[in-house]
Amino acid sequence: MRLVYKITNDRLPELFARIAEEMPLYLPMRGEINDGIAGVNLTRWSGDFASVDLQILKTILSPKGFFFPASEELYKAVLKDNTYEITPQPLTDRPFALFGVRACDAAAIKILDGVFIGEATDEFYKARRDASCIITLACESLAATCFCGMFGINPAEPGGDVSTWLKDNYLYWQPQTEKGERLTKKLGVFMETVEVVKTDVEVHLYSNEINVNDPSGGMPNPFTTLKKVPDILSLFISPAWDELHRTCVACGTCTFLCPTCHCYDIADCRRNWDACLYPGFTQMAHGNPRPTKKERFRQRYMHKLAYHPQRHGVVACVGCGRCVAQCPVNMNIVKVAKVL
Amino acid sequence: MPQEINKKMRSRAREMLASGEVTQVLAWEAGEFPNYPAPAFFKDETACGRILYDRFCTANLSKFMIEATRQTGRTLVFLRPCDTYALAQLIKENQINREKAYIIGIGCEGNVAVNEGEERGLLESCRVCVKTDYPVCDELIGTENNSRTVVTGSERFEGVTRVEETDTSARYDFWQVLLSRCIRCNACRNICPTCHCKVCILEGENPLEKQFFHIIRAYHQNGRCTDCGQCARVCPQGIPLQLLNRKLIKEYKPVEVQP
């Protein structure tokens, strides 16, 4: 059993400052405001505690960008004496910490790990993952667009390297992994001033309080039902795609905000996020094997609901609801799963 | 009010599908999550009971009409004033076959922004809305209260004026900070009714060139943008994109070309 530490909420600025002394710390902070909706994103700790938002359940952008940036240079190519000299970019070894990652996003990082650190390892991704310390924060309530419960994720037990939860004016802190233990030790003297709770019973006090949203409208969980579909081909040729794709505008917002979407394109030494919804994604010299929006739309949902479960055993969705909250036309994965 | 309009929309959709005047209806239906209604096509009169119209129906349906009017048969679409401006522009640009569209203008009291299912006041575009009429439509439903959110011209350009009043370097910083937040998700481009190029000139461009993207896009909309505000509404990062378009609307003066 790992120790649980607790610290009063008014000492949180000290805690953040102390972590930031060890390594860059990113936590949910409010950005500027447009139309009355403040964008909260994981932003580097600047000492401005007033901008820190520990109530927000989903940051606009998921944490995936910390491991798999929207655009990164993979190597440099310099022309020298008629030959190219190729130098790979050095791998990150600078540790950093993310605070306030929610259960859904922590689960999503595990899904990404399965893709990038699997049969073939993506060195750039792995280096950043190794350098990161994920400090999660348990959810006290759920937002209207949350549906993590459909994937068996418990928002009250967020996992990560360190789990934290807010309760009765305290932040509770429990290391979950060796990495989490190391960070806790590094905080050293500071953590010693913090009260240590001898049992972790209080962690579980939370889990009973949250009623998980169920957008299935009384139907059986569509994601579980889909898993039972005997063959992928029957989903692929389903006539439902003909209608479903029509109201999608194929912008790709869902793919960029999705914590598990991980498709990219490499152009001129750089790797950039790409999206299966874009016509350029599968463009080849001979043409495009996914010629219309229908095929591209189908690819996105088939990947999440069928191909990924087939290869990795899990649906590539964690129910964070970012696609629900941000889709320009309110298309979403629950709708697609229900129709199929 | 929207409930009354909604009722009439359902019955008109049923009638027109039953009589065969139209083969499909483009409207909104309830989504999987409360207050997230989604655009939908209805082909069957029995499904018309699902047609929904409330202040959360924020998506402009005009752009879907490009695809809809390329199919066989006629499409009934429900449009608010700003949506009809967009549709009129698309007709002007030969993107929509007018014969294949039956347009019912519906009353609008302004749409609301939504955050996690909760109402967060009028959308910025609705707060400064100047449109109450329907430049292209075949029929009207419940348009008596349309004038309620309409403001005067100067109020509409307030945001633009505020930026104009700052000096060049402050203005540069303003846009630099805002546009650096762009993730090139293309929501603004793809929801924009007048962004209908088959292949965008900026498709697959270096995603780091965000300023470039937005400036090119704004210029391409010059004289065509109907100020429906969809770009700003859909931006996940909350970039006030309407300012760019509105600045061009403010400066734009059509030139008479002599043949």
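Look up: the structure comes first, before these words.
All values reported here derive from a predicted model rather than from experimental measurement.

What counts and how
- Position labels on residues start from 1 in each chain and follow its written sequence.
- Throughout, the order in which chains and ligands are written sets their labels, letters from A for the former and numbers from 1 for the latter.
- Where totals are concerned, whole chains, interfaces and linings use all residues; where local detail is concerned, this predicted model gives features only for residues with pLDDT of at least 70, and gives and counts side-chain atom pairs only at 80 or more.
- Values shown for side chains rest on all heavy atoms present in the structure; no hydrogens or waters enter the calculation.
- Numbering goes from the N terminus for both helices and strands, where a helix is a DSSP run of H or I of at least four residues and a strand is a run of E of at least two.
- Contact criterion: two residues are considered in contact whenever any of their non-hydrogen atoms come within 4.5 Å of each other.
- Where accessible areas are quoted, they stem from the Shrake-Rupley method and a 1.4 Å probe; at the residue level, only the protein chains shown are allowed to cover.
- In this analysis, a patch consists of residues with relative accessible area above 30% that form no salt bridge, clustered at 9 Å for like charges and at 5 Å for the nonpolar side chains Val, Leu, Ile, Met, Phe, Trp and Tyr.
- A carboxyl oxygen of Asp or Glu within 4 Å of a side-chain nitrogen of Lys or Arg is what we treat as a salt bridge.
- In this description, buried area is defined as the sum, over both parts, of the accessible area (probe of 1.4 Å) that is lost when the two are combined.
- Between any two strands, pairing holds if DSSP finds at least two bridges.
- Every axis in this analysis is a line fitted to C-alpha atoms, fitted for helices over the stretch in contact. Angles between the N-to-C directions lie between 0 and 180 degrees.
- Working definition: with a 1.4 Å probe on protein chains only, accessible area under 20% of the residue-type maximum means buried, over 50% means exposed, and in between means partly exposed.

1. Concerning the overall build of chain A
Move 1: When helices and strands are counted, chain A shows 13 helices and 13 strands.
Move 2: Across chain A, contacts joining residues at least 24 apart in sequence account for 72% of those joining residues at least 6 apart.
Move 3: Of the roughly 14900 Å² that chain A leaves accessible, carbon and sulfur atoms contribute 53%.

2. A few points about a nonpolar patch on the surface
Move 1: Taken together, A:Leu79, A:Tyr84 and A:Ile86 make up a surface patch of nonpolar side chains, about 370 Å² in accessible area.
Move 2: With respect to the helices and strands, the residue A:Tyr84 is situated in strand β6 (residues 83-88).

3. Overview of the interface of chain A and chain B
Move 1: If you look at the interface, chain A gives 40 residues, while chain B gives 46 residues.
Move 2: With both chains or domains summed, chain A and chain B bury close to 3600 Å², and 55% of this area falls on carbon and sulfur atoms.
Move 3: At the boundary of chain A with chain B, the tally comes to four salt bridges.
Move 4: When residues of the side of chain A that touches chain B are traced back to their parent elements, those giving at least two are β2 (25-34), β3 (37-44), α10 (253-257), β13 (270-273), α12 (322-326) and α13 (333-339) of chain A.

4. What to know about the sheet that holds strand β2 (residues 38-42) of chain B
Residue and element names in this part refer to chain B.
Move 1: One open sheet holds the five strands; their spatial order is β2-β1-β3-β4-β7, and the pairing between them is mixed. Strands with a single pairing partner mark the edges of an open sheet, and in this sheet they are β2 and β7 (139-141). Taken pair by pair, the neighbouring strands of this sheet meet at an average axis angle of 30°, ignoring direction.
Move 2: Summarising the sheet, strand β1 (residues 24-29) and strand β3 (residues 75-79) pair through three bridges and their orientation is parallel. Each bridged residue has a counterpart across the sheet, and for Gln-24 the counterpart in β3 is Thr-75.

5. Examining the sheet that holds β13(A)
Residues and elements named next belong to chain A.
Move 1: Strand order in the open sheet formed by three strands is β4-β13-β12, with antiparallel pairing between adjacent strands. Pairing within the sheet leaves two strands with one partner each, and these edge strands are β4 (71-73) and β12 (264-267). Strand-to-strand, the axes of this sheet are offset by a mean angle of 20°, without reference to chain direction.
Move 2: Pairing analysis gives four bridges linking β12 to β13, with the strands arranged antiparallel. Directly across from Ile-266, in β13, lies its bridge partner Arg-271.

6. Remarks on the environment of A:Leu187
All names here are of chain A.
Move 1: By the element assignment, Leu-187 lies in the loop between α4 (178-186) and α5 (188-192).
Move 2: Exposure remark for Leu-187: the relative accessible area of 0% places this residue in the buried category.
Move 3: Measuring from C-alpha to C-alpha, the distance between Leu-187 and Glu-22 comes to 7.9 Å, with 165 residues separating the pair along the chain.
Move 4: Other than its neighbours up to four places away in sequence, Leu-187 contacts Leu-15, Arg-18, Ile-19, Glu-22 and Trp-173.

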